[in-house]
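Summary of structural features
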Amino acid sequence: MDAKKIDVTEVARRARNIRRLVIEMLAAAGSGHPGGSLSAADIVASLYFGVMRHRPSEPYWEERDRFILSKGHACPVLYAALAEAGYITHDLLTSLRRFGSPLQGHPDRRKLGLIEASTGSLGIGLSMGIGLALAARLRGSPSRTYVLLGDGECEEGQIWEAAMYAPHLKLGNLCAIIDFNRLQLDAGIGELTDLEPLAAKWRAFNWNVLEIDGHDYGQIADAFGRAASVADKPTVIVASTVKGKGVSYMENQLKFHGSVPDKQDIAKALAELTGGAR
Amino acid sequence: MIRRWTSPLELGMATREAYGRTLAELGEENPRVVVLDADLAKSTYTGMFGKKFKERFFDVGIAEANMCSIAAGLAAGGMVPFASSFASFLICKGYEQLRICCAYMEFNVNFVGSHGGISLGEDGPSQQSIEDIALACALPGFTVANPADEVSAAALIRAAAEHYGPVYIRVGRPRVPKIYAPGERFSFGRAKTLSDGDDVTVIASGLMVGVACEAAELAERRGIDVRVIDMHTAKPLDEAAIEIAAAETGAIVVAEEHLWRPGLGSLVAQAAALRHPVPMEFVGVEDTFAESGTPEELLRAYGLTTEHILGAIDRVLGRKAKGAVELAR
């Protein structure tokens with residue numbers, strides 16, 4: 001999957017599959033984080049099935065683009081994308097969170113070497129992305145680095161240390177995406193501390209800031225294209241999303257940040273996701 | 001008694017300066033060596049590398065957490081990073097990043113904390129580091145070292161560049177005595193026995209190695225033959241050297257510029273407890289912060305001088321003799 005024009009129909013099909021797999025995995029595990037996995041599904045599908053240069057037949061290709069899921073609790077979406085892309089088998093997905101499984105509760109590269117960074121402790125992924133982007137620059141590699149951040153994660157101080165530094169380095173090969181679903185664990189964004197105005201903060205930190213609808217495949221593809229065209233500035237895509245997107249009763253519901261529905265509701269979710277009712 | 005140091009000890013350079021010089025050499029030898037600092041490059045001597053290799057030197061500003069995670073990202077991208085700040089800031093402000101980005105993720109990152117211990121002096125406790133070795137040792141997979149002089153510091157920095165896995169090395173601010181002749185070889189986890197006495201063993205690290213050598217000379221005049229061991233690596237610990245010393249000398253004193261509980265003292269005590277228990281005494285910082293003062297004033301006030309080691313030797317020999325009497329009953 002070297003760089004190519006993004007086929008939004010293909011991305012939409014993959015995103016639908018990923019959402020279904022997320023629900024199946026979480027149902028099998030009985031615990032996990034559906035809300036933020038579903039809100040990020042369209043972004044992750046776009047990255048793995050159009051944006052990123054990567055080779056499932058050669059997972060450790062040195063020139064591959066790197067993806068860090070800094071909001072590590074949304075790992076079901078990453079595992080589902082890896083299965084869809086052919087890195088791991090679909091059968092493995094239902095082992096999520098089980099003892100001995102490579103699909104740990106948060107991504108763990110000791111257990112699954114494909115994972116670029118073991119995340120789960122929020123706030124560290126952007127700094128690691130700076131390191132990867134710098135290493136690519138020093139190696140003279142065309143590799144780009146993508147870091148998916150949670151909106152709540154941007155309350156961590158280290159994010160702003162990294163935000164201050166990446167533009168100083170003119171890291172055009174670094175692209176952050178904020179899954180701006182407006183809900184964190186305890187409350188809605190803004191109820192605990194003042195994150196907003198979020199895009200303005202990044203602008204003030206000298207980033208190339210793009211604001212999009214994180215469920216519009218055309219806008220997502222366009223934003224990644226524009227990010228790649230800016231050579232001397234890192235880009236942050238502030239993607240407005242809906243937590244729980246794709247499952248009607250989960251959308252915008254705080255309770256589905258970190259809890260899994262019961263059996264009956266799982267069936268309902270799968271019916272919605274397989275019925276093409278997007 | 002055979003000694004491996006030259007008496008009297010001659011003052012050498014600070015271990016931080018040996019670090020900076022070695023980094024500059026490594027930069028020539030290995031294009032993958034990159035160096036990071038957090039606005040203390042003049043003090044840590046990483047600036048020596050920065051001057052020569054601008055494109056591979058990243059002074060990130062006053063943001064230790066960011067620096068430590070960037071170092072991990074650089075390692076993930078195939079570089080060999082060295083990241084530095086004062087030991088206190090590096091370990092305490094970067095601890096989560098050392099834990100998650102380096103220990104847990106198993107990335108090959110080297111951290112060098114300068115101004116370790118209390119001997120940085122006048123700047124006081126916020127800058128002094130009395131717990132860095134213990135905290136670094138608590139990180140799974142980390143190698144942790146505290147060199148005594150310029151030769152061992154340079155050699156262990158080189159060993160870090162070649163070792164695959166996370167490393168923490170403490171270096172110090174003041175100039176310290178030369179213990180080793182140039183060319184001496186070092187490996188992590190292989191302690192150096194500096195004298196062959198068999199009455200008592202003093203196991204020391206960092207700046208306390210020189211102090212232990214001086215104490216051993218004074219003890220010898222009183223007829224006590226001291227075995228001095230430079231335990232430059234706290235992890236992995238040279239347990240074999242501890243076992244042999246315990247068996248052959250029957251008493252151990254541990255001396256460190258660090259809290260001794262937890263510290264090298266507790267690590268050595270665990271190894272001795274498992275392999276060959278003997279009476280032990282500890283010379284280190286008690287459960288307290290220090291204060292401002294000259295290095296000499298602070299080392300005296302907080303119990304880190306030759307006199308303190310001699311006192312510990314007397315106490316431990318008393319316990320050893322008492323044990324022998326009880327055994328004879």
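About the cut-offs
Residues numbered from 1 in each chain as written. Chains lettered and ligands numbered in written order. Predicted model: local features only at pLDDT ≥ 70, side-chain atom pairs only at ≥ 80, totals over all residues. Helix = DSSP H or I, 4+ residues; strand = E, 2+ residues; numbered from the N terminus. Rg over C-alpha atoms; globule rule 2.2 N^0.38 Å. Buried ≥ 20, exposed ≤ 12 C-beta atoms within 10 Å, placed from the backbone. Contact = placed C-beta atoms within 7 Å. Pairing = 2+ DSSP bridges. Axes fitted to C-alpha atoms, helices over the stretch in contact; angles between N-to-C directions. Core = buried A, V, L, I, M, F, W, Y, C linked by C-beta atoms within 7 Å. Domains from an automatic or database assignment. Nonpolar A, V, L, I, M, F, W, Y, C, P; charged D, E, K, R; others polar. pLDDT = per-residue confidence, 0-100. Expected span 1.5 Å × (residues − 1). Parallel < 35°, antiparallel > 145°, perpendicular 65-115°, else oblique. Right-handed = clockwise from strand over helix to strand, strands pointing away.

**Let's talk about the overall build of chain B**
- Broken down by element type, chain B carries 13 helices and 14 strands.
- Its C-alpha radius of gyration of 19 Å places chain B within 12% of the 20 Å reference for a compact globule of 329 residues.
- Each principal axis of the C-alpha distribution contributes one length, and for chain B these read about 70 × 40 × 35 Å.
- When each of the 329 residues of chain B is scored for burial, the buried share is 61%.

**Details of the overall build of chain A**
- When you go through chain A residue by residue, the secondary structure sums to nine helices and five strands.
- Mapped in sequence order, the helices and strands of chain A form the string α-α-α-β-α-α-β-α-β-α-β-α-β-α.
- Taking the principal axes of the C-alpha coordinates as reference, chain A spans close to 50 × 45 × 35 Å.
- Per-residue burial over chain A gives 52% buried out of 278 residues.
- Partitioning the contacts of chain A with sequence separation of at least 6, the portion at a separation of at least 24 is 76%.

**Some details on the sheet that holds strand β14 (residues 280-285) of chain B**
Residues and elements named next belong to chain B.
- With mixed pairing, five strands are arranged side by side in an open sheet as β9-β11-β10-β13-β14. Single-partner strands in this sheet number two, and they are β9 (192-193) and β14.
- In this structure, strand β10 (residues 200-204) lies alongside strand β13 (residues 252-259), joined through four bridges in parallel fashion. Each residue of the ladder has a partner; that of valine 202, found in β13, is valine 253.
- Sheet contacts for helix α9 (residues 208-221): β10, β11 (226-230) and β13; angle to β11, the most-contacted strand, approximately 170°.
- Contacts between helix α10 (residues 239-249) and the sheet are confined to β9, β10, β11 and β13, with β11 contributing the most and set at about 175° to the helix.

**Here we look at the nonpolar core**
Residues and elements named next belong to chain B.
- Ranked by size, the top nonpolar core spans 214 residues in total, and within it Val202 and Ala212 carry the most contacts.
- Here this core spans two domains, since at least three of its residues come from each of domain 1 (15-177) and domain 2 (192-328).
- Setting aside its immediate chain neighbours within four residues, alanine 212 contacts Val202, Ala204, Val228, Ala255 and Ile309.

**Details of the sheet that holds strand β2 (residues 145-150) of chain A**
Residues and elements named next belong to chain A.
- Ordered by their spatial adjacency, five strands build an open sheet running β1-β2-β3-β5-β4, and the pairing between neighbours is parallel. Of all strands in the sheet, those bounded by a partner on one side alone are β1 (66-69) and β4 (208-213). Pairs of neighbouring strands in the sheet enclose a mean axial angle of 20°, with direction left out of account.
- Of the strand pairs in this sheet, β4 and strand β5 (residues 235-240) are connected by six bridges, and their pairing is parallel.

**A closer look at the interface of chain A and chain B**
- Tallying the contact residues gives 22 residues for chain A and 23 residues for chain B.
- Of all the secondary-structure elements, those providing two or more residues to the side of chain A that touches chain B are α5 (125-139) and α6 (157-168) of chain A.
- By residue class, the composition of the side of chain A that touches chain B is eleven nonpolar, six polar and five charged.

**Describing unusual backbone geometry**
- Backbone torsion omega between Glu196(A) and Pro197(A) reads 0°, so that peptide bond is classified as cis.
- In this chain, Lys235(B) is followed by Pro236(B) through a cis amide linkage whose omega measures 0°.
- Mapped onto the elements, Pro236(B) comes out in the loop between β12 (233-235) and α10.
- A positive phi angle, near 55°, is found at Lys170(A), a position not held by glycine.

**Brief notes about the confidence of the model for chain B**
- Residues with a pLDDT of 70 or more make up 100% of chain B, whose mean pLDDT is 97.
- For this predicted complex, the interface confidence score (ipTM) comes to 0.96, while the overall pTM stands at 0.96.

**Topic: the domain arrangement of chain B**
All names here are of chain B.
- Assigned domains within chain B: domain 1 (15-177) and domain 2 (192-328).
- Contact residues are listed per partner, giving 28 residues for domain 1 and 29 residues for domain 2.
- Elements that contribute at least two residues to the side of domain 1 that touches domain 2 include exactly α7 (132-137), β6 (143-145), α8 (150-162) and β8 (175-177).
- Partitioned by chemical class, the residues of the side of domain 1 that touches domain 2 number 15 nonpolar, ten polar and three charged.

**Things to note about α9(B)**
All names here are of chain B.
- Helix length check: α9 (14 residues) gives 20 Å between terminal C-alpha atoms against 20 Å at 1.5 Å per residue, within 8%.
- Within the span of α9, buried status applies to Met208, Val209, Gly210, Val211, Ala212, Cys213, Ala215, Ala216 and Ala219.
- In this fold, the buried residues of α9 make contact with β8, β10, β11, β13 and α13 (306-328).
- Following α9 by one or two positions, glycine 223 adopts a phi angle in the positive range, close to 85°.

**Re the environment of Gly223(B)**
- Here Gly223(B) lies in the loop between α9 and β11.
- In this structure, the C-alpha to C-alpha distance between Gly223(B) and Leu299(B), residues 76 residues apart in sequence, is 26 Å.

**Some remarks on the environment of Leu210(A)**
- The topology assignment puts Leu210(A) in strand β4.
- Sequence-distant contacts of Leu210(A), defined by excluding residues within four places in its chain, comprise Ala223(A), Arg226(A), Ala227(A), Thr235(A) and Ile237(A).

**Some thoughts on the packing of helix α4 (residues 64-76) of chain B against helix α6 (residues 95-104) of chain B**
Residue and element names in this part refer to chain B.
- With their axes 9 Å apart at the nearest point, α4 and α6 run at an angle of 10° to one another. When the interaxial angle is binned, α4 and α6 end up roughly parallel. Taking contact as the criterion, the partners of Ala65, Cys68, Ser69 and Ala72 in α4 are, on α6, Glu96, Gln97, Leu98, Cys101 and Cys102.
- Taken together, the residues that form the contact of α4 with α6 break down as six nonpolar, two polar and one charged.

**Some details on the pairing of β14(B)**
- Burial within β14(B) is extensive, with six of its six residues counted as buried.
- Handedness of the β13(B)-helix α11 (residues 264-275) of chain B-β14(B) crossover: right-handed.

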